[in-house]
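Listed below, chain by chain, are the residues.
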Amino acid sequence: MFSIKTKIWLLFATLLMLAACGEDEVSVDSEPNLQIDDMITGLPGENLVMTGLISDPAGIRQVELIYEAWDLAKVISLEDGITQFELAYTFKVPETEVEGTTHSIEIVATNAGGNTRSSSIQVELTLDIVPPSISFASPNDGGTYIAAAGPEFELSFIVEDNTQLSKVTLVGLGFNEEFVVSATSFSFREEVDFSLSGPFEVSVTAEDVQGNIATSSINVTIEEALRFEKMFLADVSTDDALTSDVFGVPMLIDGFISEDSAGVIFEARYYNNAPNTEIRFIPQKSSFAPFSFGAGENEGELVLGNDNTVNPIILTEIGYHKILIDLVNFTYTTEMYTPSDEVFDLIILMGTGVRVNNASTCVSNEDGSEACWWFGSGKELVADSNNPYLFTATVELFDHDLAGDGNNGFILGANPEGWSPFWRFDQGGEIGAEPEATVPNDGINFLFGEQHYGIYTFEFDTHLNRARVIPQ
């Protein structure tokens, strides 16, 4: 028989044992549930975020993030009783990692009963952050076109992406279209018909499969008609050649002066000294932009371009040509002709600071004085063997005017024994001015300064009343 005291002690010991078993030997049948975003894309050196939801009805005790290659061994300890845990862990990809590689980060979740479950996140270092590229082939940005000429330009552009495009949107000039694309490139090409005049913007927006977006726009102006105060004939093909001469390039041509034709119909008279000469017409003197007129695909068709890429009109034969250009109907005509005006036996250049074929236009008198700007000291140009109206020479312009009174300059004459006939210029009385035509028995002396010193080919056409001074 146990005493009452002994029975009480045994009951207390039993309760302590049962309590101890309850703490250390919890029986849990569940395992953690991991709903993890299983793919992350990025680039070396970037901070990336792992996200997901980890749950267990018995409670989550800890979460481990493991990737030995990056020294990642993160343990997240959780309070007792948490049955759901939202994972949002930021980590940095080593900058030394190789772009384009794939890596696997292990995630291990442990519940209150010590049961574990693992999953993995794939990290691909191939994130596309490069937006698509958009290139307009036609028209040129800032281009001007004439409605009277009809459907006058082709809208053409190319979109490219380093991975894959998803869509391309085109807005402007009557377009409002979206194209679904599943390729690395997309091209668009279509003729544009003008219905209205004014300034217009054409905008292209491209998006790739990663959501990178690029937008590019160009501006064009459509005019009902264009009128120009002057028009020049260019037988050169670059802006440098238009501006490297002293004067004469490009050559001013004539406009028809009437209410209907002024500024829109022009006539050029031009001596072609070589077969298949290429010419273009420009209303601005020093550049082929923004307007350049040339030949279209059809015979006699005139087209407007924005630079020197417009197709030239080609003069196939040697001789004088008359070229008529019409900016209303956008046509041109060419015909050859033979001049009938006076032919001069010789042409002389008179002035100061000029050597013509190595001979100075100044002479020394017996008293030691020097005579310049005088028909008696002028030097002859060389008559062209094929064209009696054309005279040329190698001319050097230099600083002969040591007194500094700005008198370096020249005029032309046709009489070594008198002043008449002579030619001066429509402008040139100020240093830096560029003559556009010679003026028989009138005009202004051409004066030049230091910027003009050098050796040139000098050409003078007495029929056209045009001279030009081109660097050698």
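Residues numbered from 1 in each chain as written. Predicted model: local features only at pLDDT ≥ 70, side-chain atom pairs only at ≥ 80, totals over all residues. Heavy atoms only, no water.

Below, the discussion takes up the state of the cysteines. Here the structure, examined in full by the defined rule, presents 1 disulfide. The disulfide partner of Cys362 is Cys372, and the gap between their sulfur atoms is 1.8 Å. Classification of the bridge connecting Cys362 and Cys372 rests on its S-S torsion, roughly 120 degrees, and on that basis the disulfide is right-handed. Residue Cys362 is located in the loop between strand S29 (359-360) and strand S30 (363-364), and its partner Cys372 is located in the loop between strand S31 (370-371) and strand S32 (379-380); the two are separated by 10 residues in the primary sequence. Note on accessibility: Cys362 and Cys372 belong to one class, buried. (Disulfide = S-S within 2.5 Å. Helix = DSSP H or I, 4+ residues; strand = E, 2+ residues; numbered from the N terminus. Buried < 20%, exposed > 50% of the residue type's maximum accessible area, 1.4 Å probe, protein only.)

Next up on the list: the pattern of salt bridges. This model, assessed by the stated rule, comprises 13 salt bridges. Between Lys167 and Glu207 there is a salt bridge whose closest N-O contact spans 3.9 Å. Of the two residues, Lys167 is situated in strand S12 (residues 165-172) and Glu207 in strand S15 (residues 198-208); the sequence distance between them amounts to 40 residues. Judged by its relative accessible area of 30%, Lys167 is partly exposed. Among the ionic pairs, Arg468 bridges to Asp235, the shortest N-O distance being 3.2 Å. Of the two residues, Arg468 is situated in strand S40 (residues 466-471) and Asp235 in the loop between strand S17 (232-234) and helix H2 (239-243); the sequence distance between them amounts to 233 residues. (Salt bridge = Lys/Arg side-chain N within 4 Å of Asp/Glu carboxyl O.)

Strand direction decides the pairing type here: S12 and S15, joined by 6 bridges, are antiparallel. Bridge assignment links Val168 to a residue of S15, and that residue is Ala206. As defined by bridge partners, S12 adjoins strand S13 (residues 175-180) across 6 bridges and the pair is classed as antiparallel. Paired with Val171 across the two strands is Asn176, which belongs to S13. Hairpin geometry of S12 and S13 is characterised by an intervening segment of 2 residues between the two adjacent antiparallel strands and by a positive phi of about 55 degrees at Leu173. (Pairing = 2+ DSSP bridges.)

This part is about the sheet that holds strand S26 (residues 331-337). Spatial strand order, S19-S20-S25-S26: 4 strands in an open sheet with antiparallel pairing. At either end of the open sheet lies a strand with only one pairing partner, and these are strand S19 (254-255) and S26. Where strand S20 (residues 265-272) meets strand S25 (residues 319-326), 8 bridges bridge the pair, whose relative direction is antiparallel. If you follow Glu267 over to S25, its bridge partner there is Leu324.

Let's shift gears to unusual backbone geometry. Ser138 connects to Pro139 through a cis peptide bond whose omega is 0 degrees. Relative to the elements of secondary structure, Pro139 occurs in the loop between strand S9 (133-138) and strand S10 (143-146). Geometrically, the link from Val249 to Pro250 is a cis peptide bond, its omega value of -5 degrees lying close to zero. Relative to the helices and strands, Pro250 is located in the loop between H2 and strand S18 (251-252).

Before going further, it helps to examine the packing of aromatic side chains. When we look at a pair of aromatic rings, we describe it by the centre distance and by the angle of the planes. Tallied over the entire structure, the rule returns 28 aromatic pairs. When the centroid spacing of 5.6 Å and the interplanar angle of 90 degrees are considered together, the rings of Phe175 and Phe188 count as edge-to-face. Separated by 13 residues along the polypeptide, Phe175 in strand S13 and Phe188 in strand S14 (residues 185-192) bring together distant segments of the chain. Accessibility expressed as a relative area gives 9% for Phe175, which makes it buried. Phe188 sits in the buried class, given a relative accessible area of 9%. Among the aromatic residues, those joined into a cluster by ring pairs are Phe247, Phe410, Phe425, Phe446, Phe448, Tyr453 and Phe458. (Phe/Tyr/Trp six-rings, centres within 6.5 Å; stacked < 30°, edge-to-face > 60°.)

The strand order across the open sheet formed by 3 strands is S9-S11-S14, and the pairing between neighbours is antiparallel. The strands lining the two open edges of the sheet, one partner per strand, are S9 and S14. In this sheet, adjacent strand axes meet at a mean angle of 15 degrees when their direction is disregarded. When strand S11 (residues 153-160) meets S14, the two strands line up antiparallel, connected through 8 bridges. Bridging from a neighbouring strand, Leu155 pairs with Glu190 of S14. (Axes fitted to C-alpha atoms, helices over the stretch in contact; angles between N-to-C directions.)

Here S25 lies mainly inside the structure; 6 of its 8 residues are buried. Here 7 bridges tie S25 to S26, and the two strands are oriented antiparallel to one another. Within the sheet, the bridge partner assigned to His321 lies in S26 and is Met336. Between S25 and the antiparallel strand that follows it, S26, lie 4 residues; Phe330 among them carries a positive phi value of about 55 degrees.

Turning our eyes to something else, we now look at the nonpolar core. Among the nonpolar cores identified, the biggest contains 30 residues, and Met231, Phe281, Phe293 and Ile323 are the most heavily contacted of them. Among the elements of the structure, S20, strand S21 (277-282), strand S22 (292-295), strand S23 (302-305), strand S24 (313-315), S25 and S26 are those that each provide at least two residues to this core. Here this core takes 4 residues from S20, the largest share from any one element. In this view, Phe281 contacts Met231, Phe232, Leu233, Ile253, Ala268, Ser292, Phe293, Ile313, Ile323 and Ile325; residues no more than four positions away in its chain are not counted. (Core = buried A, V, L, I, M, F, W, Y, C linked by side-chain atoms within 4.5 Å. Contact = heavy atoms within 4.5 Å.)

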